[in-house]
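In case you want the letters, here they are:
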Amino acid sequence: MFAASRIQTRAFSASARQLTKVSVLGAAGGIGQPLSLLLKLNPRVSELALYDIRGAPGVGADLSHINTKSTVKGYEPTASGLADALKGSEIVLIPAGVPRKPGMTRDDLFNTNASIVRDLAKACAESCPEANILVISNPVNSTVPIVSEIFKKAGVYNPKRLFGVTTLDVVRASRFVSEIKGTDPKDENITVVGGHSGVTIVPLFSQSKHSELSKNEQLIHRVQFGGDEVVKAKDGAGSATLSMAMAGARMAESLLRAAQGEKGVIEPTFVDSPLYKDQGIDFFASKVELGPNGVEKIYPVGPIDEVEQKLLDACLVDLKKNIQKGKDFVAANP
Ligand code: NAD
Ligand code: LMR
């Protein structure tokens, strides 16, 4: 009897592990569509829920014809549609909000995107308080604190489950280095710490195979302002969408691998971090080991050279202001 129930439990947990609902908020947008496509192709995802203020049912119908096992549904832009999309989600990716146009900083998006992210965070706190929340909407340095404040207010904040997606900075750094060195980008593992805008993006080339690159100002600038390159090239039609979709799908995949028992899954990501709390900086991106409970271990920045120390000092100044701006917004606009 005991043995039978143990077998049953094991069978249950095996199938439970395969039932992974992932939702995308802003799913009909420039990032949302290719991101949803990549998630539809991911065998670890069993149910894909798509929500947007416009167009999600159409994107859902389109993706639902792809012959992979997962089910897909696009939800109507109503409070109950949003709640239904979120219920039971293990991962919620949020690329909802406006993108930059040439001449804008990410902070210029704050006025529009802060309230979008706040309202979506409220819905998540209500319908899927235990989900991993992956914030893509800019300015990430401020939108992540907004989500944490909303979850705190609702009494459901779990710092291990909130992630600002900075994966694109890591993806870019590895690609740009491979272009200089003539190598395969998959072999170029570059740690990027700090935040996700301009000088808050701090690549640590001294920790890579090519430590001399930490003196390459052009390369550092390219990683810090890679987003601007795309905004300029798109000439008013938005910012990075396809590379971002790949980066968001990679981050979701890493979380799913870790949730499904794989050890040693590490991604740099912007999380509630002890590293600079003594300086009043509650969030910081560094290498994070992921596990079944979300954040498993936050790695310190590690040894860096003088140039990188200067970059880090500049990062912390801006980061502190960006984080405070998010917190102040929720205090003034609960
Ligand atoms: P987009 O305008 O193409 O798509 C945004 C989508 O969000 C639209 O479909 C829109 O209808 C939807 N939306 C707006 N308000 C919503 C709400 N309240 N609920 C649900 N959906 C809503 O923009 P995009 O190019 O996909 O970019 C989205 C965001 O991602 C921007 O803020 C952009 O700056 C940011 N971004 C972040 C990174 C990163 O590395 N973290 C990279 C690229 C872009
Ligand atoms: C990026 O890094 O590409 C995104 O944050 C979008 C932007 O505004 O640059």
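Being a predicted model, the structure only gives us computed values, none of them experimental.

A turn of α-helix holds 3.6 residues, and therefore any two residues three or four places apart point the same way. The set of residues buried in helix H4 (residues 79–86) consists of Gly81, Leu82, Ala83, Ala85 and Leu86. In this fold, the buried residues of H4 make contact with strand E1 (21–25), strand E2 (47–51), strand E3 (71–75), strand E4 (91–94) and helix H5 (110–127). Two residues or fewer past H4, glycine 88 is found with a positive phi of approximately 80 degrees.

Near ligand 1 you find 29 residues, and of these Gly30, Ile31, Asp52, Val98 and Asn138 are the closest. In the model, an oxygen atom of ligand 1 is placed 2.9 Å from a nitrogen or oxygen of the isoleucine 31 main chain. Valine 165 is positioned such that a nitrogen or oxygen atom in its backbone is 3.2 Å from a nitrogen atom of ligand 1. Look at ligand 1: alone it shows 860 Å² of surface, and the protein chains cover 87% of it. If you tally residues by element for the shell around ligand 1, the top one is H5, at three residues. In terms of residue class, the shell around ligand 1 is built from 17 nonpolar, ten polar and two charged.

With 95% of its residues at a pLDDT of 70 or more, the chain has an overall mean of 95. Within the model, pLDDT remains below 50 along residues 1–16, and this stretch shows zero contacts once partners closer than five positions in the same chain are excluded. In the predicted complex, the global pTM is 0.95; the interface-specific ipTM is 0.99.

Once that is clear, we can look at the site of ligand 2. Taken together, Arg100, Arg106, Asn138, Leu168, Arg172, His196, Gly227, Ser239 and Ala240 make up all the residues around ligand 2. Within the side chain of arginine 100, one N or O atom sits 2.6 Å away from an oxygen atom of ligand 2. One of the side-chain N or O atoms of arginine 172 is found 2.7 Å from an oxygen atom in ligand 2. Summarising the interface, the protein chains cover 95% of the accessible area of ligand 2, which totals 260 Å² for the free molecule. Broken down by class, the residue content of the shell around ligand 2 amounts to two nonpolar, four polar and three charged.

Criteria and cut-off values
- Every chain begins its residue count from 1, and numbering advances along the sequence as written.
- Chain A is the first chain written and ligand 1 is the first ligand written, with later ones labelled in order.
- For this predicted model, a pLDDT threshold of at least 70 governs which residues receive local features, and a threshold of 80 or more governs which side-chain atom pairs are given and counted, while totals over whole chains, interfaces and linings are taken from all residues.
- To get the side-chain values, all heavy atoms of the structure are used, and hydrogens and water are removed first.
- Relative accessibility thresholds used throughout: buried, under 20% of the residue-type maximum; exposed, over 50%; partly exposed, between the two (1.4 Å probe, protein chains only).
- Labels follow the DSSP assignment, with helices taken as runs of H or I lasting at least four residues and strands as runs of E lasting at least two, numbered in each case from the N terminus.
- Two residues form a contact once any of their heavy atoms are found within 4.5 Å.
- Residues are classed as near a molecule or strand on a simple rule: at least one heavy atom within 4 Å of it.
- Two N or O atoms count as a polar contact when they lie within 3.5 Å, although within protein this holds only if one can serve as hydrogen donor and the other as acceptor, and sequence-adjacent residues are included solely when both atoms are side-chain atoms.
- The protein chains shown are the only cover counted for residues, whose accessible areas, like all others here, come from Shrake-Rupley with a 1.4 Å probe.
- Here the term charged refers only to Asp, Glu, Lys and Arg, the term nonpolar to Ala, Val, Leu, Ile, Met, Phe, Trp, Tyr, Cys and Pro, and the term polar to all other amino acids, Gly among them.
- Known as pLDDT, the predictor's per-residue confidence is scaled from 0 to 100.

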